[in-house]
2 protein chains.
Amino acid sequence: MKNTQQLARRIEVASGRVKADLVLKNANVVDIFCHRVIKCDVAIADGIIVGLGQYDGLNNVDCSGKYVMPSFFDTHLHFESSMSTPNHYLWEALAKGVTTLNADPHEIANVCGKEGIDYMIDCTADSPIDVNFMLPSCVPATPFEHGNAVFTAKDIKEMFATGKFFGLAEMMNYLGVIYADKEVLEKISTASICDGHAPQLAGNQLNAYLCTGIVSDHECESVEEVYEKVSKGMYVMIREGSQTKNLSTLIGAINDFTKRRLMFCTDDRYIGEVVESGTIQNCVIKAVEKGIDIYDALTIASLNAYECYKIPNKGAVSINYRADLIVADDIVPRNILQVYKNGKLVAENGKSLYTPKKVDDSKVTNTVRIKPLTASKFLPKFTPNKTPVMQILKDTVVTKTIYTDSTEGLNMCAAIERHNATGNIGTCWVKGFNLKNGAIAQTVGHDSHNITVLGDNTEDMLLAVNALGSEGGMALVVNGKVEYVFKLDIAGLMSSKNTHEVIAEHHTLMEKTKALNINPEIEPYMLLSFLSLIVIPEIKITDRGLFDVAKFNFFEE
Amino acid sequence: MKNTQQLARRIEVASGRVKADLVLKNANVVDIFCHRVIKCDVAIADGIIVGLGQYDGLNNVDCSGKYVMPSFFDTHLHFESSMSTPNHYLWEALAKGVTTLNADPHEIANVCGKEGIDYMIDCTADSPIDVNFMLPSCVPATPFEHGNAVFTAKDIKEMFATGKFFGLAEMMNYLGVIYADKEVLEKISTASICDGHAPQLAGNQLNAYLCTGIVSDHECESVEEVYEKVSKGMYVMIREGSQTKNLSTLIGAINDFTKRRLMFCTDDRYIGEVVESGTIQNCVIKAVEKGIDIYDALTIASLNAYECYKIPNKGAVSINYRADLIVADDIVPRNILQVYKNGKLVAENGKSLYTPKKVDDSKVTNTVRIKPLTASKFLPKFTPNKTPVMQILKDTVVTKTIYTDSTEGLNMCAAIERHNATGNIGTCWVKGFNLKNGAIAQTVGHDSHNITVLGDNTEDMLLAVNALGSEGGMALVVNGKVEYVFKLDIAGLMSSKNTHEVIAEHHTLMEKTKALNINPEIEPYMLLSFLSLIVIPEIKITDRGLFDVAKFNFFEE
C-alpha cells in the first residue's frame with residue numbers, strides 16, 4: 001500500500017508543477033535500457049527519480065558535460081578479506097560508486113559465531129550503502145575441520161527470524177545438496193534467496209544443486225561453465241577479487257543473450273585494491289577495455305543484480321527508480337566525481353562525506369588460542385611418488401594434486417587449530433611458492449580460520465606461528481628472525497586501524513616478504529589463506545590433515 | 001518455506017537416482033538464455049524441470065527431431081473481444097501454446113459489474129492455463145459516458161481483498177493519474193502491480209504517470225514511443241489484436257538492448273483469428289518473418305513477461321523452472337504438436353485434452369434495456385466546416401478530427417445507452433467506412449458497451465438497433481431489411497455457443513455485410529466498437545455526445 005499523498009507530490013514534481021528536491025541539470029543521462037545518452041535534467045523527489053526532461057529544483061546541481069549513471073551493486077563479498085573492518089571498507093566502497101552490496105560475514109562467523117556477525121552488522125549501521133547481509137550457510141564449511149562455531153539448521157531458522165538477513169549466503173556444501181542432506185535442505189528451505197557456490201559443478205550434479213532454487217554462482221572459471229550455468233537458469237557473477245580474477249577468462253561469455261544473466265562481484269578483495277582501483281568500478285573499466293559495450297558493462301554492474309535479487313526499481317536512471325547515482329566525467333566511469341544515494345550527495349572526488357562509525361569490538365578481539373607447539377610438528381611425511389603434493393596455480397585458488405620424486409623445491413605447509421587450543425595440526429608439501437630461508441604464518445585460513453603457515457624449515461615456521469600472539473595477523477620470519485607482524489586484531493582477520501594504516505602496514509609486510517624470494521606471480525598470504533578451503537578443488541590442508549576435494553574426504557595416509 | 005522432502009525427491013530425480021515423473025527424450029531443447037539448441041532429455045518431477053541431460057522416467061515421450069521451448073504468456077487481453085466466453089477461448093488458446101495470460105474483464109464489468117467478473121472467473125476454473133485476473137481499474141472508463149457499473153476506490157480495495165485478482169488492470173484514466181486525482185491514486189496504491197494504458201503519452205506527462213509505479217504499456221504506435229517508454233522503465237507490450245496490429249510498426253524497436261523489456265499481447269483478438277493463427281504464436285512467427293531472431297522472439301513471448309510480473313521460475317526450459325512447455329516440429333513454432341502445463345500433456349495436435357466447463361450464465365444474459373427510439377434521433381447536426389467529423393484510420397483505433405464542406409460520403413453514427421433505458425443518445429458524422437444502403441448496430445461499444453450503430457440512413461439504423469433485442473449482438477440491415485443478427489447473449493458481448501458456431505455465425509454476418517460495400521481495409525464491427533472508446537485519441541462518440549480526447553471533454557455544440 002503506497003502513500004497516496006506521497007504519490008501525489010511526486011506526480012506534481014514530475015509534471016513540473018512543484019519544484020523537485022534536487023535536480024541534476026543538463027546531464028548526459030546514461031540510458032542502459034536503450035543504449036544511448038540523453039541530455040536532460042534528472043529530477044528527484046523523496047529519493048526517487050521522478051523526472052527526466054526539463055526541471056527546476058530546490059537544489060540544482062549543474063552537470064553539464066558530466067555523465068549520470070546507475071551506481072554499482074557488488075553482489076558477493078566478504079568484508080573480512082579486505083583486512084579492513086566494514087565501517088572503513090564501506091567508506092571506501094561508497095566513494096568508488098557502490099551503493100548496494102551483499103555481504104557474507106562467513107569468516108568472522110567461523111571465528112566468533114553470532115557475536116561476530118552482530119559486530120559486522122553494527123559496523124555498517126551508519127553507512128549510506130544498502131548492505132544486505134547474507135546469513136552464512138556453512139559454519140563450519142564442512143565437518144572436516146575445526147572452526148569455532150556451528151550453525152545448525154535450527155540456528156539458521158532462528159537467525160532469519162531476527163530480520164537481520166537478506167538471504168542465505170553461498171551454499172558451499174554442494175555435496176550436501178547433491179546428496180540431499182536433510183540439515184542442508186532445511187537451511188535452504190528457510191531462505192527465500194540462496195546464493196550458490198558451485199565450482200566446476202556440471203551436468204546432473206548441477207541440475208540437482210539447482211532444483212533447490214539456488215540462484216547464483218561466482219565460481220565460474222571458463223566460458224563453457226558460464227554457458228551451462230546461465231542455460232540452467234543461474235545468474236553468474238563475474239568475480240574480480242584480489243587472488244581470483246575471472247574477468248579476463250570469462251569475457252568471452254558476455255554476449256547479447258547471456259548478458260542479462262551476468263553480474264559482477266569481488267568476493268575477496270584487499271582494501272588496498274579497493275582504494276586504488278575500486279571494486280565494481282574496476283570490473284566495468286576492465287570489461288570495457290576488453291571490448292564490452294559500456295552500456296552492457298553498466299547493466300551487469302547494476303540492473304542485472306537488482307533483478308536477480310528481486311529488488312525492484314533500482315539499477316537504472318529511469319522514472320520511479322531510486323536515485324542511487326554516479327556522476328562521472330565520462331561514460332566510462334574512470335573518474336567518479338559524485339555519488340548519490342537516495343538522492344543525497346554522499347561522496348565526492350573520491351571521499352565519502354561522513355565519518356566511519358566507531359564500533360565496540362571487545363567481543364571480537366584476542367581470539368587466538370593455540371596449544372604450545374614444537375618445530376617437529378611441522379614436518380610432513382614424504383614417500384616419493386606416493387605422498388600427494390599440493391601444486392598451486394596462477395590467478396586461482398584451485399590447486400592440483402601432483403606426485404614428486406623428492407621434496408626438493410617444495411615448501412612445508414601446516415594448518416593449526418587456533419580457537420580452542422586443541423593442538424590439532426595438519427601438514428603437507430606444497431609446490432609453486434618457491435619460498436626460501438624462512439616462513440610466513442597467519443590467522444587467516446579459509447574457512448575455519450585456523451592458523452596457516454608455510455616455510456622451508458620447521459624452526460622458522462614455529463617462530464612465525466608464535467609471533468601471531470593472541471590477537472593474530474600475519475607474521476614474517478626470515479633466517480630465524482621475526483621480521484614483521486601485521487596485526488589483525490579483529491578476530492585475527494581484520495585490522496581495527498584506519499584504511500591508510502592498514503595499507504601501510506600491509507605494504508611493509510609485502511616489501512619485507514620479498515626477502516623470501518617467493519614466486520612473484522602470487523600474493524603469498526592471500527593464496528596461503530585459501531589452501532585450507534576444502535570446498536575448492538582439488539587438494540587442501542586442514543587442521544585434521546590433507547584433503548582430497550574430489551573424494552570429499554581426507555587422503556589416506 | 002519449501003518442503004524439504006519434496007526438495008529431496010527432486011534432487012534424487014535430478015541426480016538420476018530416482019525416475020522422473022516424465023522425460024521428454026532426445027529433444028532439441030531451445031535454450032533462450034544462451035541462444036542455442038541442446039540435444040538432451042528433459043526430466044520433470046512435481047511439474048518442475050529438474051533435469052537436462054540423460055534421464056529415464058516413469059513416462060518417457062520420444063521427442064527426437066522435435067523442439068521443446070517455453071510456452072507463451074499473453075500479457076494483456078480481454079476475453080470479451082474474442083466474442084467467445086472464456087471457457088471456450090482458453091480451450092483454443094491452450095492448444096496454441098498459451099499457458100499464462102493476464103485477463104482484464106473490463107468489458108463485462110461495465111455491463112454486469114462484479115457479477116460479470118465472477119462469471120468470467122467461474123469460466124476459467126477448469127482450464128490448465130494460469131489466468132491472472134486483473135481488476136478493472138476504470139469502470140466506468142471515464143465520467144463522460146453511462147455504463148452500468150461504478151467501481152470506486154473502496155470497491156477496488158474490497159475486491160482485492162477477495163484474493164481473486166493478480167493486479168490492477170490497465171489504468172486508462174491517465175489524465176486522472178497525471179492530475180493526481182485522489183480516487184485514482186487510491187486505486188493504484190491498493191495494487192502491487194498496475195498495468196498501464198498510455199497512448200502517445202510522453203515527456204513530463206509520461207514521467208508523472210510512471211512515478212506511480214505503473215509497469216507496462218500496450219498502446220505504443222511508433223518506435224520512438226517504445227524507446228521513450230522503455231528508457232523510462234516500462235515494459236512495453238507489442239500488440240497483435242484483430243483491429244490493432246502493432247508488430248509491423250514496432251519491429252524496428254526490437255534490438256539487443258530493448259529486447260529484455262518487450263512482451264507480446266493480443267488485447268482484443270477475435271476467436272476466429274485465435275483458431276486460425278493463434279495468439280502469441282502468431283506474434284512469434286510474424287516477428288521471425290520480419291527478421292527477429294527466434295530466440296529473442298521466444299524470450300519476448302515468455303521469459304520477459306514473467307520477469308515483468310515478478311512470477312519466478314517460469315518462461316524458460318531450465319532447471320527449477322515450471323514445466324510449461326511447447327513441443328513443435330521446428331524451432332519456429334508454426335506447428336505446435338504438444339503443450340505441457342506443470343509437466344502434464346494438456347494439448348495435442350491443435351486440440352486441448354479436456355472439455356470446456358459448462359458455466360451458469362443466468363446473471364449475465366438479457367442485459368439490453370433501451371428506451372424506444374425514433375429514426376429522427378439518429379440524425380446528427382451538421383454545419384459545413386464547423387462540425388467535427390470523425391475520420392477513421394487503417395490498422396488502428398485512433399481517429400482524427402476533420403472538417404468537411406458537406407456530409408457527402410460520410411456515414412452517421414450513434415451511441416445509445418443500453419443498460420438502464422435512459423434514452424440517452426449521442427450522434428456524429430464519420431468518414432472512412434463508406435457504408436452504403438443500410439446500417440450495422442451492435443451492443444459492443446468500448447468501454448461502456450452502449451449500443452453503437454452506423455449507417456447511411458436513419459430508418460435502417462433504427463431497424464438495426466431494434467433487431468438487437470434484449471440479448472444483444474450484432475445486427476445487419478440492408479435496404480430496409482434485417483439481413484442477419486449474430487446473437488451475443490452473454491452481456492451483449494460474447495456468444496455462449498461453442499467456438500465453431502461462433503465462427504460460423506460471425507462469418508455469415510461478415511459475408512452478408514459485404515452488401516454494404518464498406519471500405520475493405522477495415523473490420524467494420526470491431527472498429528465501430530472502438531469509436532466510443534474515449535481514452536483513445538482523438539475524437540469519439542458516447543451516449544452523451546461527441547468527445548474531444550485531447551481536451552478530455554465534449555466538443556462544444
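Note: the structure precedes this text.
The structure displayed is predicted, hence computed values, not measured ones. (Residues numbered from 1 in each chain as written. Chains lettered and ligands numbered in written order. Predicted model: local features only at pLDDT ≥ 70, side-chain atom pairs only at ≥ 80, totals over all residues. Heavy atoms only, no water.)

Trainee: I keep staring at the pairing of strand β12 (residues 235–239) of chain B and nothing clicks. Help me out?
Mentor: A regular strand places its side chains on the two faces of the sheet in alternate fashion. All names here are of chain B. In terms of burial, β12 is largely enclosed, as five of its five residues are buried. Burial along β12 is two-sided: Tyr235, Met237 and Arg239 facing one way and Val236 and Ile238 facing the other are all buried. Pairing analysis gives two bridges linking strand β11 (residues 216–217) to β12, with the strands arranged parallel. Residue pairing in the sheet places aspartate 217 in a bridge with valine 236 of β12. In this fold, the crossover linking β11 to β12 by way of helix α8 (residues 223–231) has right-handed handedness. Where β12 and strand β13 (residues 262–265) come together, four bridges link them in parallel fashion. (Buried < 20%, exposed > 50% of the residue type's maximum accessible area, 1.4 Å probe, protein only. Helix = DSSP H or I, 4+ residues; strand = E, 2+ residues; numbered from the N terminus. Pairing = 2+ DSSP bridges. Right-handed = clockwise from strand over helix to strand, strands pointing away.)

Trainee: Help me understand helix α2 (residues 86–95) of chain A in this model?
Mentor: One turn of an α-helix holds 3.6 residues; hence residues three or four places apart share an orientation. Residue and element names in this part refer to chain A. Among the 10 residues that make up α2, 10 are buried, leaving the element largely enclosed by the rest of the structure. Taken together, the buried positions of α2 are occupied by Pro86, Asn87, His88, Tyr89, Leu90, Trp91, Glu92, Ala93, Leu94 and Ala95. After α2 finishes, the residue glycine 97 shows a positive phi value of roughly 95°.

Trainee: Help me understand the relation of the copies chain A and chain B in this model?
Mentor: In this arrangement, two copies of a chain are superimposed by a rotation about an axis accompanied by a shift along the axis. Rotating chain A by 180° and translating it 0.0 Å along the rotation axis places it on chain B, where the RMSD comes to 0.1 Å. Taken together, these values place the two copies in the relation of a two-fold axis. Residues of chain A ranked by C-alpha distance from the rotation axis are headed by aspartate 256 of chain A, positioned 3.1 Å from it. Looking at the interface residues of chain A, 100% of them are also at the interface in chain B, so both copies use one shared face. (Least-squares fit on C-alpha atoms with pLDDT ≥ 70 in both. Contact = heavy atoms within 4.5 Å.)

Trainee: For this particular structure, what's the right way to read the environment of glycine 545 of chain A?
Mentor: Residue and element names in this part refer to chain A. Tracing the sequence through the fold places glycine 545 in strand β27 (residues 545–548). Among the residues examined, glycine 545 registers a relative accessible area of 10% and is labelled buried. Separated by 130 residues in the primary sequence, glycine 545 and alanine 415 place their C-alpha atoms 8.1 Å from one another. Not counting the four nearest positions on each side in its chain, glycine 545 is found in contact with Gly426, Lys540 and Phe554.

Trainee: What should I look at first to understand the pattern of salt bridges in this one?
Mentor: Across all of its chains, the model carries 66 salt bridges over all chains by this definition. A salt bridge links glutamate 307 of chain A to arginine 260 of chain B; the shortest N-O distance between them is 3.0 Å. One end of the pair, glutamate 307 of chain A, is in helix α13 (residues 303–308); the other, arginine 260 of chain B, is in the loop between α9 (247–250) and β13, on a second chain. (Salt bridge = Lys/Arg side-chain N within 4 Å of Asp/Glu carboxyl O.)

Trainee: How do you make sense of the pairing of strand β23 (residues 451–455) of chain B when you look at a structure like this?
Mentor: Residues and elements named next belong to chain B. Taking burial as the measure, the five residues of β23 include five buried ones, the bulk of the element. Where strand β22 (residues 438–442) and β23 come together, four bridges link them in antiparallel fashion. Note that in β23 the partner of alanine 439 across the bridge is glycine 455.

Trainee: Even after reading the chapter, I still don't get the packing of helix α4 (residues 153–161) of chain A against helix α6 (residues 182–190) of chain A, so can you show me in this structure?
Mentor: Relative placement of two packed helices is described by the angle separating their axes and the distance separating the axes. All names here are of chain A. Close contact between α4 and α6 brings their axes to 9 Å; oriented N to C, the two are set at 10°. The orientation of α4 with respect to α6, classified from their angle, is roughly parallel. Across from Ala153, Ile156, Lys157 and Phe160 in α4, the residues of α6 making contact are Glu183, Glu186, Lys187 and Thr190. Partitioning the contact of α4 with α6 into residue classes produces three nonpolar, one polar and four charged. (Axes fitted to C-alpha atoms, helices over the stretch in contact; angles between N-to-C directions. Parallel < 35°, antiparallel > 145°, perpendicular 65-115°, else oblique. Nonpolar A, V, L, I, M, F, W, Y, C, P; charged D, E, K, R; others polar.)

Trainee: Could you clarify how one ought to interpret the packing of aromatic side chains in this entry?
Mentor: Residue and element names in this part refer to chain A. Counted according to the given criterion, the structure contains 26 aromatic pairs over all chains. Judged by centre distance (5.3 Å) and plane angle (90°), the ring pair of phenylalanine 547 and phenylalanine 552 falls under edge-to-face. Residues phenylalanine 547 and phenylalanine 554 carry aromatic rings whose centres are separated by 5.3 Å and whose planes lie at 90° to one another, so their mutual orientation is edge-to-face. Given the relative accessible area of 0%, phenylalanine 547 is considered buried. (Phe/Tyr/Trp six-rings, centres within 6.5 Å; stacked < 30°, edge-to-face > 60°.)

Trainee: So what exactly am I meant to see when it comes to the side chain of asparagine 255 of chain A here?
Mentor: Residues and elements named next belong to chain A. Mapped onto the fold, asparagine 255 is located in the loop between α9 (247–250) and β13 (262–265). According to the relative accessible area criterion, asparagine 255 is buried, its value standing at 18%. In terms of polar contacts, asparagine 255 uses its side chain to reach the backbone amide nitrogen of threonine 258, at 2.9 Å. (Polar contact = N/O pair within 3.5 Å; in protein donor to acceptor, adjacent residues only side chain to side chain.)

Trainee: Just checking my understanding: could you explain the interface of chain A and chain B for this structure?
Mentor: Many structure descriptions define interface size as the accessible area lost when the parts assemble. Between chain A and chain B, the residue contacts involve 65 residues of the former and 65 residues of the latter. Where chain A abuts chain B, roughly 5,300 Å² becomes buried across the two surfaces, and 55% of that area is made up of carbon and sulfur atoms. Broken down residue by residue, the surface that chain A buries against chain B is led by Phe33, Cys211 and Arg260 of chain A, which jointly contribute 13%. Taken together, chain A and chain B are joined by four salt bridges. Secondary-structure elements contributing two or more residues to the side of chain A that touches chain B are α1 (4–15), β2 (36–45), β3 (48–53), α5 (174–178), α6, α7 (203–210), α8 (223–231) and α13 of chain A. Partitioning the side of chain A that touches chain B into residue classes produces 30 nonpolar, 19 polar and 16 charged. (Buried area = accessible area lost by both parts, 1.4 Å probe.)

Trainee: Hey, could you run me through the sheet that holds strand β20 (residues 411–416) of chain A in this one?
Mentor: Residues and elements named next belong to chain A. Spatially, β19-β18-β21-β20-β23-β22-β24-β25 is the arrangement adopted by the eight strands of the open sheet, whose pairing is mixed. Two strands in the sheet have a free side with no partner beyond their single neighbour: β19 (399–402) and β25 (481–487). Taken pair by pair, the neighbouring strands of this sheet meet at an average axis angle of 25°, ignoring direction. With five bridges connecting them, strand β22 (residues 438–442) and strand β24 (residues 473–478) associate as antiparallel partners. From the neighbouring strand, glutamine 442 faces β24, where its bridge partner is methionine 474. Here helix α14 (residues 458–467) sits on the sheet in contact with β20, β22, β23 (451–455), β24 and β25, set at roughly 30° to β22. Against the sheet, helix α15 (residues 499–513) makes contact with β22, β24 and β25, and its axis sits at roughly 155° relative to β25, the strand it touches most.

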